[in-house]
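# Chain and residue survey
The residues making up each chain are set out below.
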Amino acid sequence: NILKMTFKSKMDDPYQNNINQQGETYPTYGGGEYTYPYQADYPPQEEEDAASDVTEGHDEDEQMYEGEYQGIPHPDEIKEARRAARREARMKARMAAEVEEETLPEQYESIMEDCGHGRFQWTLFTVLGLSLMADGVECFVVSFALPSAEKDMCLSNADKGMLGLIVYVGMMIGAVLWGSLADKLGRRQCLLYALAINCIFSFLSCFAQGYGIFIFLRLCSGIGIGGSVPIVYTYFAEFLQMDKRGEHLSWLCLFWMLGGLYASFTAWGIIPHYGWGFSMGTEFQFHSWRVFVLVCFLPSVAALAGLVFMPESPRFLLETARHDEAWMILKQVHDTNWRAKGEPERVFHVSQIKTPQTQDDEFIEIQSETDLNDAWFPDQIKYLQFEEYESNVKIFHREKVERFHFNFTLQNQVHKEGQYIHDRFINIEIRNVKFEESLFENCYFEDIRSTDTFFENCTLKNTVFYNTDLWEDSKFINCKLENTTFLHPKKGCHLNFQEENDILIYLVSFLGSLSVLPGNILACLLMDKIGRLKIIGGSMLGSAGCTFFVFLCFSQWAVVLFHCLFFAASAAAWNGIEVITVELYPASKRATAFGVLNGTCKLAAIISTFTFGKFIGITKIIPIILSLSALVCGGLLAFKLPETREVILQ
């Protein structure tokens, strides 16, 4: 058909093809009505030969598809092309979905870079730092108040041990609870709840007179402040760009050190002043250690007040499909920073933020380093103090004292088989004194304040106890009381506010907290330069070395020295662990993972405190081996973790 149409066209106008596209003319032949163009250099014979070669060897049965001459594809080719198109469309769809998942973290990082680092981050840094400071204070407050509280509430050794551990139990529960809730309700919202609970129960515990109510209130206070660490680091990290994250999260750790310094300094300045308080009869007493507990909840109050003015994490809002709120907060961060830098005309150009694709819940394996805490350092110091105190005890054997007026302090003494006839003990302190198989006849005790003082297998005849804390049911063991009277016994126990041992504990804690400073500064400067893994591994191995040298220490000040070195070395590891924990887990599970990790640390602190307290009086080898093994294993395992220095928060 095409050939016929072409031929007919030529017959209608025999001259139309005499001019080629370039305007050249060709000679014609044949003359008359039918003239055909030809080109002198065109070889017509070769064309015919070529056509003959093409068809040579083809049978008549092998007919070519008739539409091929018209450019129409074969039906099989059409089907194959459609299949290929569908495969390509599916591939593009999968690639688009993958790009969609990766777009949000990358876009969020770009937005934070555009917002810059300025006034907003520093304001949030201060508020969240106060929350960490409150956490640091909580770890020290009971241990500092305990020597006085045990006298005020007449606590047994078992009660003292429970009171020391209950705070860590509360913080362990709080870390797991608030960490998981922060991924559901929001970082800011849960931190507000946690700090409010801590403030309320810390305040009430200052006035609790009984042991049971006091320990319950401190448990609730610990549950509140337990959410501070996992939420604070998660919250702050989501306002930081990648190149600022490691350094500024490390600087945030300094506030925990400030909490320890604050607690140590205030304890040192308040608790020894026994007169800083008041009493209402014998049923309600508010001594100086309660003033200390009251002062210690102030950082939490300040953090709570500041947090009211802070916004929610926009990264969390994006995870919960609240992208309009996230956009407004990001614009607030952008405008606050650039206005403070003198560029208020800078425009927030982000008009649309990608939302994350919904992910099914999946099990995440949380790999954490066990924290054996440094609890055995104070125990070691106390044990060395006890050994020194025991070595200086004075023993009096078969002494006989008649008609003598005791008006001076009796301290660190043992009296065996003594006789005390018509003696007077008036307005004195009796500390760590034990009377064994002794006779008291016609004696008079008045205004006596005692600590760890007992009468064992003694005989008391015609003796009067007036306004003393020498109680018949607890201070006299297997004693024979004949015509002995107890008048107006004192309520509560005596506070030894002048004991030098307590002052040393405050000083040791103060120096230990202060020694964290060089480790923190080193971690801040090197976190983004050498990476998280080298910081964690090197710091833990250095801490293991300090632990080993404690084995060679036989004096209090040698233990204090390595106590401070241990704090300095381990501080960098803490910083690195907190930074890498934030960076390893996705936004939807970040606070939960951090909470489980921190709860595991508190559990290790509880176990180590209980275990080391049992062994410290027997041998220090076991606590040292346990601590050394944990630190070495943790330091070596740290190098197996993935490096997250240049990783965008997922």
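Residues numbered from 1 in each chain as written. Predicted model: local features only at pLDDT ≥ 70, side-chain atom pairs only at ≥ 80, totals over all residues. Heavy atoms only, no water.

## Examining the overall build of the protein
Looking only at helices and strands, one finds 21 helices and 18 strands in the protein. Within the protein, buried positions represent 45% of all 650 residues. Taking the contacts inside the protein whose residues are at least 6 apart along the sequence as the reference set, 63% of them involve residues at least 24 apart. Carbon together with sulfur atoms contributes 58% to the accessible area of the protein, which is approximately 33,200 Å² in total. (Helix = DSSP H or I, 4+ residues; strand = E, 2+ residues; numbered from the N terminus. Buried < 20%, exposed > 50% of the residue type's maximum accessible area, 1.4 Å probe, protein only. Contact = heavy atoms within 4.5 Å. Areas by Shrake-Rupley, 256 points an atom, 1.4 Å probe, with all protein chains shown as cover.)

## Let's talk about the pattern of salt bridges
Inspection of the entire model under this criterion finds 17 salt bridges. Its salt-bridge partner being K434, residue E436 comes within 3.4 Å of it at the nearest N-O pair. Accessibility expressed as a relative area gives 29% for K434, which makes it partly exposed. As a salt-bridge pair, K480 and E482 come within 3.2 Å of each other at their nearest N and O atoms. (Salt bridge = Lys/Arg side-chain N within 4 Å of Asp/Glu carboxyl O.)

## Re unusual backbone geometry
One non-glycine residue with positive phi stands out, namely N427, at about 55 degrees. When you line up the elements, N427 lands in strand β10 (residues 424–436). You can call N427 partly exposed: its relative accessible area is 48%. Although it is not a glycine, N478 adopts a positive phi angle of roughly 55 degrees. We classify N478 as exposed; its relative accessible area is 63%.

## Here we look at helix α7 (residues 211–225)
Between its terminal C-alpha atoms α7 stretches 21 Å, which fits the 21 Å expected from 15 residues at 1.5 Å a residue. For α7, every residue scored as buried is listed here: F214, I215, L217, R218, C220, S221, G222, G224 and I225. (Expected span 1.5 Å × (residues − 1).)

## Some remarks on the side chain of S300
Within the secondary structure layout, S300 lies in helix α12 (residues 298–307). Residue S300 is classed as buried on the basis of its relative accessible area, which comes to 1%. Engagement of the side chain of S300 in a polar contact is seen with the side chain of N198, the distance being 2.9 Å. Look past the residues within four positions of S300 in its chain and what remains in contact with it is A134, L195, N198 and C199. (Polar contact = N/O pair within 3.5 Å; in protein donor to acceptor, adjacent residues only side chain to side chain.)

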